[in-house]
Amino acid sequence: MERQILHVDVNNAFLSWTAIHLLKQGETLDIRTIPAIIGGDEKQRHGIVLAKSPVAKQFGIKTGEPIYFARKKCPSIKIYSSDFKVYYSYSNALYQLLLEYTDHIERFSIDECFLDITQFLQNRTPLQIAYEISKRVREELGFTVNVGVAHNKLLAKMASDFQKPNKVHTLFEEEIPSKMWRLPVSELFMVGKQTLPKLEHMGIKKIGDLAKAEPKLLIKRFGKFGKLMWEYANGIDYSEVEYKKQDPKGIGNSITLSQDITDISKLDEVLLALTEQTTYRLRKTNMYASVISVQIKNSDFKLYSHQKKLEYPKNTTKEIFEVAKELLKELYIGERIRLIGIRVEKLCKGEERQLSLFEVQDDKKQEKLDKIVDALKDKYGYHMVTRAGNMGNKITFKQEDKQE
């Protein structure tokens with residue numbers, strides 16, 4: 001199976017996170033909209049610019065230069081101290097959100113992650129998941145990210161570095177000549193300042209030049225690193241997403257419908273499909289949920305949600321769907337619905353679950369049935385096995401919800 005990799009990169013992380021923190025503390029001015037930088041003590045001559053606002057960039061201020069020079073370029077510049085405690089809190093919030101999509105996550109740095117979603121696509125494409133992540137980060141966490149979509153880590157990272165901010169880009173193998181080879185060779189991952197002049201001396205100025213170069217010449221000049229550069233220039237990368245197993249705090253699924261729906265029976269069908277995807281994820285991680293919530297958004301973009309706490313944790317599709325269906329019934333008042341979603345929270349491991357004395361035998365039967373269905377999905381593909389209520393039910397995403 002071809003790997004599906006995402007690279008999520010926070011746009012201007014330190015300045016964005018500082019801005020959000022200040023706004024939450026009561027600050028009325030968003031420092032992302034003024035000449036502002038994140039840096040050390042200005043009185044110390046060695047203080048440097050760690051991050052800059054888009055407005056500061058217009059003054060020619062560069063990351064890494066001394067604050068003294070930044071002040072010369074823009075006397076009115078506002079300087080804010082770095083706060084890594086705040087940064088790690090936002091980095092962790094992003095990580096927890098990403099855990100809802102896969103637990104195969106490599107934290108490459110404080111503000112970027114690789115995700116291997118190969119086994120977690122269910123009935124969505126990598127691009128749909130990328131756009132959903134981008135939208136949720138912006139709406140729920142208050143900052144923006146670039147997301148690169150590819151079949152390996154290298155190409156995903158290269159893609160996320162394309163036009164910024166708040167963009168989703170693909171870089172599949174067939175797109176390498178048109179999207180990557182035309183870039184300066186300095187844009188290739190791992191090509192540093194010391195290597196660049198040596199490559200240029202060899203007549204290699206663009207990534208395409210490096211890709212078409214003779215590997216033996218590169219190896220003779222740079223050793224093993226020469227081979228690595230040639231492979232990277234050709235989009236070759238077999239490295240795995242290195243992750244530590246971590247449990248999500250919640251799992252959810254929502255969808256913007258291709259057409260507004262007013263028939264609650266049709267909404268039930270969509271909700272069943274979303275519930276099946278969500279509970280499938282629950283069982284794959286051996287998790288049980290204690291809280292179920294359902295949300296809907298009408299054609300006027302008003303969002304409503306209801307939640308219910310269960311008597312004891314569950315992860316069976318039938319039982320969670322029954323609760324979700326009741327929540328939807330309470331929410332729905334006959335409006336035109338454009339979005340519907342389900343989320344399960346207060347998760348615990350199977351071995352940690354406190355069973356009710358009144359847990360009926362039917363629960364055990366449902367768990368056995370779900371295990372059989374899950375096993376068939378794993379063997380033959382997620383789409384090949386579905387419940388009767390989902391027969392013929394095709395869920396599609398509205399194209400206009402995707403960012404350009």
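Remember, predicted model here, so these are calculated numbers, not experimental data. (Residues numbered from 1 in each chain as written. Predicted model: local features only at pLDDT ≥ 70, side-chain atom pairs only at ≥ 80, totals over all residues. Heavy atoms only, no water.)

(A) Main features of the pattern of salt bridges. Following the criterion strictly, the structure yields 15 salt bridges and no others. We note a salt bridge from Arg 124 to Glu 132, for which the minimum N-O separation is 3.0 Å. The exposure class of Glu 132 is buried, given its relative accessible area of 12%. One network of salt bridges, in which partners are shared, links Glu 100, Arg 136, Glu 140, Arg 343 and Glu 345. (Salt bridge = Lys/Arg side-chain N within 4 Å of Asp/Glu carboxyl O. Buried < 20%, exposed > 50% of the residue type's maximum accessible area, 1.4 Å probe, protein only.)

(B) Here's a closer look at the confidence of the model for the chain. With 88% of its residues at a pLDDT of 70 or more, the chain shows a mean pLDDT of 88. In the model, residues 391-404 has pLDDT below 50 throughout and makes 30 contacts with residues more than four positions away in sequence or in other chains. (pLDDT = per-residue confidence, 0-100. Contact = heavy atoms within 4.5 Å.)

(C) Looking closely at the sheet that holds strand 6 (residues 112-116). Spatially, 5 strands are ordered 5-6-1-7-8 in an open sheet, and the strand pairing comes out mixed. A single partner strand is all that each edge strand has here, and the edge strands are strand 5 (105-109) and strand 8 (168-170). The sheet shows a mean angle of 20° between the axes of neighbouring strands, direction not considered. Pairing analysis gives 4 bridges linking strand 5 to strand 6, with the strands arranged antiparallel. Each bridged residue has a counterpart across the sheet, and for Ser 109 the counterpart in strand 6 is Glu 112. Sheet strands in contact with helix 4 (residues 84-98) are strand 1 (5-10), strand 5 and strand 6, and its direction is about 155° off that of strand 5. (Pairing = 2+ DSSP bridges. Helix = DSSP H or I, 4+ residues; strand = E, 2+ residues; numbered from the N terminus. Axes fitted to C-alpha atoms, helices over the stretch in contact; angles between N-to-C directions.)

(D) Region of interest: the packing of aromatic side chains. A complete count under the given rule lists 11 aromatic pairs for this structure. Consider the rings of Phe 14 and Phe 84, whose centres lie 5.3 Å apart with planes at 80°: the pair is edge-to-face. Of this pair, Phe 14 sits in helix 1 (residues 13-24) while Phe 84 sits in helix 4; the two residues are 70 residues apart in sequence, bridging distant segments of the chain. Judged by relative accessible area, which is 15%, Phe 14 ranks as buried. Looking at Phe 84, the relative accessible area reads 38%, which means it is partly exposed. With a centroid separation of 6.4 Å and 15° between ring planes, the pair formed by Trp 17 and Tyr 90 is classed as stacked. On the criterion of sequence distance, the pair formed by Trp 17 in helix 1 and Tyr 90 in helix 4 is long-range, its members being 73 residues apart. Three or more aromatic residues joined by ring pairs form one cluster here, namely Phe 14, Trp 17, Phe 84, Tyr 87, Tyr 90 and Phe 143. (Phe/Tyr/Trp six-rings, centres within 6.5 Å; stacked < 30°, edge-to-face > 60°.)

(E) Region of interest: the nonpolar core. By size, the foremost hydrophobic cluster in this structure holds 41 residues, and its most contacted members are Leu 6, Trp 17, Leu 98, Leu 115, Ile 133 and Phe 143. Elements that contribute at least two residues to this core include exactly strand 1, helix 1, strand 2 (36-39), helix 4, strand 6, helix 5 (126-141) and strand 7 (145-150). In terms of residue count, helix 4 provides more of this core than any other element does, 7 residues in total. Not counting residues up to four positions away in its chain, the partners in contact with Leu 6 are Cys 113, Phe 114, Leu 115, Ile 117, Pro 126, Ile 129, Ala 130, Ile 133, Val 147, Gly 148, Val 149 and Ala 156. (Core = buried A, V, L, I, M, F, W, Y, C linked by side-chain atoms within 4.5 Å.)

(F) A look at the packing of helix 4 against helix 5. At a closest axis distance of 11 Å, the pairing of helix 4 and helix 5 adopts a crossing angle of 135°. Judged by the inter-axis angle, helix 4 sits oblique to helix 5. Classified by chirality, the crossing of helix 5 by helix 4 is right-handed. Residue-level inspection shows Tyr 90, Ala 93, Leu 94, Leu 97 and Leu 98 of helix 4 in contact with helix 5, the latter providing Ile 133, Arg 136, Val 137, Glu 140 and Leu 141. Tallied by class, the residues present in the contact of helix 4 with helix 5 amount to 8 nonpolar, no polar and 2 charged. (Parallel < 35°, antiparallel > 145°, perpendicular 65-115°, else oblique. Left-handed = near helix turned anticlockwise from the far one by under 90°. Nonpolar A, V, L, I, M, F, W, Y, C, P; charged D, E, K, R; others polar.)

(G) How the structure looks around the sheet that holds strand 10 (residues 287-298). A sheet is described by the order of its strands in space; here 4 strands give the open sequence 9-12-10-11, paired in antiparallel fashion. Each having just a single partner strand, strand 9 (250-261) and strand 11 (303-314) make up the two edges of the open sheet. Ignoring strand direction, the axes of neighbouring strands in this sheet form an average angle of 15°. With respect to the sheet, helix 12 (residues 264-284) is in contact with strand 9, strand 10, strand 11 and strand 12 (337-349), its orientation differing from that of strand 9 by roughly 155°.

(H) Helix 4, seen in detail. Its 15 residues place the ends of helix 4 21 Å apart at the C-alpha level, agreeing with the 21 Å of an ideal helix rising 1.5 Å per residue. If you check which residues of helix 4 are buried, you get Val 86, Tyr 87, Tyr 90, Ser 91, Leu 94, Tyr 95, Leu 97 and Leu 98. The backbone nitrogen of Lys 85 has a side-chain oxygen 3.2 Å away, supplied by the residue at the start of helix 4, namely Asp 83. (Expected span 1.5 Å × (residues − 1). Polar contact = N/O pair within 3.5 Å; in protein donor to acceptor, adjacent residues only side chain to side chain.)

(I) Layout of unusual backbone geometry. Here the bond from Lys 164 into Pro 165 is cis, since omega is -5°, no more than 30 degrees from zero. Tracing the backbone through its elements, the reader meets Pro 165 in the loop between helix 6 (153-160) and strand 8. Backbone geometry places Met 190, a non-glycine residue, at a positive phi of 85°. In this structure, Met 190 sits in the loop between helix 7 (176-180) and helix 8 (195-201). Since its relative accessible area comes to 44%, Met 190 is described here as partly exposed. In this structure, Phe 301 is a non-glycine residue whose phi angle is positive, near 70°. Residue placement: Phe 301 occurs in the loop between strand 10 and strand 11.

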